[in-house]
Number of protein chains: 2
Amino acid sequence: MSFELSLNTGTTPQLSLREAVEAVAAAGLEHIGPWRHLLADAGGAEAAARIIAEAGLSATTLCRGGFLTPSESAQRAEALESNRAAIREAATIGADELIMVVGGLPSAAHLLGGSGDRSDTSIVDARARMAEGIAELVPYAAEHGVRLVLEPLHPMYAADRAVLSTLGEALDVAGEHPAETVGVVVDTFHVWWDPQLGEQIARAGREGRIASYQVCDFNLPIASDALKSRGMMGDGHVDFATISRWVAEAGYTGPVEVEIFNEEINAQDAATTLETMTARYGELVLPALQAAAPAPAP
Amino acid sequence: MSFELSLNTGTTPQLSLREAVEAVAAAGLEHIGPWRHLLADAGGAEAAARIIAEAGLSATTLCRGGFLTPSESAQRAEALESNRAAIREAATIGADELIMVVGGLPSAAHLLGGSGDRSDTSIVDARARMAEGIAELVPYAAEHGVRLVLEPLHPMYAADRAVLSTLGEALDVAGEHPAETVGVVVDTFHVWWDPQLGEQIARAGREGRIASYQVCDFNLPIASDALKSRGMMGDGHVDFATISRWVAEAGYTGPVEVEIFNEEINAQDAATTLETMTARYGELVLPALQAAAPAPAP
């Protein structure tokens, strides 16, 4: 079956891995995309793998690796080590794909609890360090059968979270490596505004790079915590019909993950969230995917 | 003289046009970029022109035209009429350049006091309407000796304010018209994150389209009113040295305008703001512009 729904656990942050797995199974879904801290809380990746498998679910992605942009070598070594651990965890839970949020500028590192040269705002240099970090991790990821999945983030997060800002840029970085080792994720929240989106999704399909399609809406006004401006599909300003058509036309047929950071949704009962996201997915996203999907071979 | 500083009156919203003109002259500057409502408050464009001229200043730009994306024909006609009035006003005050903030999606029009189909999130269609609107205004602007200056806005404003999100997209739209009738503005706040920025600034220079260079910083965290996240140069995460170098290498030698929407700066004494912006400009922007500027002919 194509286009099956997956819950990213960022949508239900109040739940443990076991609780999230149970909620997903109870909602009749078969896929989950966990965050790393849930694996740790569950007793490690092997225990997490059992919890996921025993419920009959599969892990679509692991969130997340990345933060490869520090300019200091000790921080850089630490980041690479953390990414190698994430790669091993992804392999252990059977997630073929590790989502990479690549990191921001040294000038903004303190905002996420890190440190860096407050005067270093060079996004050109930070991008070069990101590409080097990815290159350094590719062989290790390949050995473990895990694909690094580059996530372009909305430019409002370019300073503090990810200097990777467009799908085209992600494909340029990925293009240095084989398609089976480095892919990209199309997350509607992050890329809906991009005037090159249609052509870059088509390119991502041609180059065999679309590893994941993630859907959520872009709400306005922007939340006071800007990270939490993600909304339930249909509540904001994303044209899901068009973007979903492009993704299906590009040949993607895999799971579709829902990741919503939003005060209200994150606080509500998970069953309600799963019910709403399933309904909205069926109404706003799935029909466009199905209409554009290539017909199966006879 | 090249690279002279200009105050955009959005930086000093508490001042009338006369007060702003006096503050600019007292600070030893010679240029001002007024917003339209100040012209109206001063008794109209002719009265405003006298106020500016009597102080020995020149108007660099007029803010702003645009909002060309409504899907309903009555709203569209109204928007075009308002833009024609803005063109006449720009000509009257001697501003060769009318800054265009092109407008957002129908789904978000209500957020700025307008109306539109709340379910219409098609940014593809809105962009097509924007390009049509520009094309419709070009002959009128040309008759009045005014250049329409397309302003790509940060993608965080793509839904409510401007579906024009990158310099490359602005140049594509501008490219349908002669360079003397449609230009672009490079505003550091809006474009600093763009991975194509260097090449697109160079292209803008080659194509003769850089009509204005505007500087202010990108602050984090994003302000609760996202419009007011603009910061004084040096307070945020923009790499002014690199962007200024690109702008000067592209051949731009005109005025540099400072436009900062920021609760704290907007509330403080205008003389303090002008003093700080002059100092920061001299420290962070001007040296990079001067170092990269082509040497004057012997």
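Chain A has the name Sugar phosphate isomerase/epimerase in an unreviewed UniProt entry, where Nesterenkonia halobia is given as its organism.

Visitor: Hey, could you run me through the relation of the copies chain A and chain B in this one?
Guide: Both copies of the chain are placed relative to one another by a rotation about an axis and a shift along it. Its rotation angle being 180°, the transformation that places chain A on chain B also includes 0.0 Å of axial translation and leaves an RMSD of 0.0 Å. The transformation relating the two chain copies, once decomposed into turn and shift, fits a two-fold axis. Judged by C-alpha distance, A:Ser224 is the residue of chain A that lies nearest the rotation axis, at 2.5 Å. When the interface residues of chain A are mapped onto chain B, 100% of them again fall at the interface, so both copies present the same face.

Visitor: How should I be thinking about the sheet that holds strand S8 (residues 210-215) of chain B in this particular structure?
Guide: Strand pairing in a sheet takes place through backbone hydrogen bonds and is either antiparallel or parallel in direction. Residues and elements named next belong to chain B. The 9 strands are arranged S3-S2-S1-S11-S8-S7-S6-S5-S4 in an open sheet whose pairing can be described as parallel. The strands lining the two open edges of the sheet, one partner per strand, are strand S3 (58-59) and strand S4 (62-66). Bridge count between strand S7 (residues 182-187) and S8: 4 bridges; the pairing is parallel. Along S8, the bridge assignment pairs Val185 with Ser212.

Visitor: How should I be thinking about the UniProt feature "domain: Xylose isomerase-like TIM barrel" (unreviewed entry) in chain A in this particular structure?
Guide: The positions UniProt marks with the feature "domain: Xylose isomerase-like TIM barrel" (unreviewed entry) are residues 21-275 of chain A. Annotated as 42% helix and 15% strand, the span residues 21-275 of chain A places its first and last C-alpha atoms 15 Å apart.

Visitor: Sorry if this is basic, but what is going on with the interface of chain A and chain B here?
Guide: Interface size, as often reported, equals the accessible area lost upon joining of the parts. Contacts between the two partners involve 33 residues from chain A and, on the opposite side, 33 residues from chain B. When the two sides are added together, the surface that chain A and chain B hide from each other amounts to roughly 2,500 Å², 70% of it contributed by carbon and sulfur. In this assembly, chain A and chain B are joined by 0 salt bridges. Our count for the contact surface shared by chain A and chain B stands at 8 residue pairs in polar contact (both at pLDDT 80 or more). Top element by residues in the side of chain A that touches chain B is helix H5 (residues 123-143) of chain A. It accounts for 3 residues. Tallied by class, the residues present in the side of chain A that touches chain B amount to 18 nonpolar, 10 polar and 5 charged.

Visitor: Would you mind going over the side chain of B:Thr188 with me for this structure?
Guide: Assignment of secondary structure puts B:Thr188 in helix H7 (residues 188-191). The contacts of B:Thr188, once residues within four sequence positions are left out, are B:Tyr213, B:Gln214, B:Val215, B:Cys216, B:Val238, B:Phe240 and B:Ile243.

Visitor: Any chance you could explain the environment of B:Met130 here in plain terms?
Guide: All names here are of chain B. Mapped onto the elements of the fold, Met130 is located in helix H5 (residues 123-143). Judged by relative accessible area, which is 2%, Met130 ranks as buried. Along the primary structure Met130 and Gly104 are separated by 26 residues, whereas in three dimensions their C-alpha atoms are 9.3 Å apart. If near-sequence neighbours (up to four positions away) are discounted, Met130 is found in contact with Leu68, Thr69, Val102, Val163, Leu164, Glu169 and Val173.

Visitor: Mind showing me how you'd approach unusual backbone geometry here?
Guide: The phi torsion of most residues other than glycine is negative, and most of the peptide bonds are trans. Residue and element names in this part refer to chain A. Cis geometry marks the peptide bond from Leu220 to Pro221, where omega comes out at -5°. The topology assignment puts Pro221 in the loop between strand S9 (217-218) and strand S10 (230-231). Positive phi values are uncommon outside glycine, yet Phe3 reaches one of about 60°. Note on placement: Phe3 falls in the segment before strand S1 (5-8).

Visitor: I keep staring at the environment of B:Val285 and nothing clicks. Help me out?
Guide: In this structure, B:Val285 sits in helix H11 (residues 270-292). Not counting residues up to four positions away in its chain, the partners in contact with B:Val285 are B:Tyr213, B:Val215, B:Met233, B:Phe240, B:Ser244 and B:Arg280.

Visitor: For this particular structure, what's the right way to read empty space enclosed by the protein?
Guide: The rolling of a water-molecule-sized probe over the atoms marks out the regions of remaining empty space. Residues and elements named next belong to chain A. Here the structure, examined in full by the defined rule, presents 1 cavity of 30 Å³ or more. When its volume is computed, the largest cavity comes out at roughly 140 Å³. Taken together, the elements giving at least two residues each to the lining of the largest cavity come down to strand S4 (62-66), strand S5 (97-101) and helix H7 (188-191). Per-class residue counts for the lining of the largest cavity are 9 nonpolar, 1 polar and 5 charged.

Visitor: I keep staring at the packing of aromatic side chains and nothing clicks. Help me out?
Guide: All names here are of chain A. Counted under the stated rule, the structure contains 9 aromatic pairs over all chains. Between Phe189 and Phe218, the aromatic rings sit 5.2 Å apart at their centres with planes inclined by 35°, giving tilted as the arrangement. With Phe189 in helix H7 and Phe218 in strand S9, the pair connects residues that are 29 residues apart, well separated along the chain. The exposure class assigned to Phe189 is buried, which follows from its relative accessible area of 0%. Residue classification places Phe218 among the buried positions, given a relative accessible area of 0%. Both rings, one in Trp192 and one in Phe218, keep their centres 5.3 Å apart while their planes meet at 50°; by these two values the pair is tilted. Placement of Trp192 in the loop between H7 and helix H8 (197-206) and of Phe218 in strand S9 is noted, with a sequence separation of 26 residues between them. Three or more aromatic residues joined by ring pairs form one cluster here, namely Tyr157, Phe189, Trp192 and Phe218.

Visitor: Got a minute to help me understand the pairing of strand S6 (residues 147-150) of chain B in this structure?
Guide: Residue and element names in this part refer to chain B. Here S6 shows two buried faces, one formed by Arg147 and Val149 and the other by Leu148 and Leu150. Pairing of strand S5 (residues 97-101) with S6, which is carried by 4 bridges, proceeds in the parallel orientation. Within the sheet, the bridge partner assigned to Leu98 lies in S6 and is Leu148. Between S5 and its parallel partner S6, the chain crosses via H5, and the hand of that crossover is right-handed. Here 3 bridges tie S6 to S7, and the two strands are oriented parallel to one another. When the sheet's bridge partners are listed, Leu148 is paired in S7 with Val182.

Visitor: Please clarify how the sheet that holds strand S2 (residues 31-33) of chain A should be interpreted in this entry.
Guide: The 9 strands lie next to each other as S3-S2-S1-S11-S8-S7-S6-S5-S4 (chain A), forming an open sheet whose pairing is parallel. Since the sheet does not close on itself, it has two edges, and those belong to strand S3 (58-59) and S4 of chain A, each with one partner.

Visitor: Sorry, what's going on with helix H9 (residues 240-249) of chain B here?
Guide: For the α-helix, the turn length of 3.6 residues means that residues three or four positions removed from each other point alike. Residue and element names in this part refer to chain B. Across the 10 residues of H9, 7 count as buried, placing the element largely inside the fold. Residues Phe240, Thr242, Ile243, Ser244, Trp246, Val247 and Ala248 constitute the buried set of H9. Immediately beyond the C-terminal end of H9, within one or two residues, lies Gly251, with a positive phi of roughly 100°.

Visitor: I'm lost on helix H8 (residues 197-206) of chain B in this one. Help?
Guide: All names here are of chain B. Burial in H8 covers these residues: Leu197, Gly198, Gln200, Ile201, Arg203 and Ala204. Residues of H8 that are buried in the fold lie against helix H6 (167-174), S7, H7, S8 and H9. Downstream of H8 by a residue or two, Gly208 has a phi angle that is positive, lying close to 70°.

About the cut-offs
- Residues numbered from 1 in each chain as written.
- Chains lettered and ligands numbered in written order.
- Predicted model: local features only at pLDDT ≥ 70, side-chain atom pairs only at ≥ 80, totals over all residues.
- Heavy atoms only, no water.
- Least-squares fit on C-alpha atoms with pLDDT ≥ 70 in both.
- Contact = heavy atoms within 4.5 Å.
- Pairing = 2+ DSSP bridges.
- Helix = DSSP H or I, 4+ residues; strand = E, 2+ residues; numbered from the N terminus.
- UniProt positions renumbered as here; feature names shortened; annotations may be inferred.
- Buried area = accessible area lost by both parts, 1.4 Å probe.
- Salt bridge = Lys/Arg side-chain N within 4 Å of Asp/Glu carboxyl O.
- Polar contact = N/O pair within 3.5 Å; in protein donor to acceptor, adjacent residues only side chain to side chain.
- Nonpolar A, V, L, I, M, F, W, Y, C, P; charged D, E, K, R; others polar.
- Buried < 20%, exposed > 50% of the residue type's maximum accessible area, 1.4 Å probe, protein only.
- 1 Å grid on protein atoms, 1.4 Å probe; cavity = no way out; pocket = protein on both sides within 12 Å on 5 of 7 lines; lining within 4 Å.
- Points joined across faces, edges and corners; volume = space filled by probe spheres on them.
- Phe/Tyr/Trp six-rings, centres within 6.5 Å; stacked < 30°, edge-to-face > 60°.
- Right-handed = clockwise from strand over helix to strand, strands pointing away.

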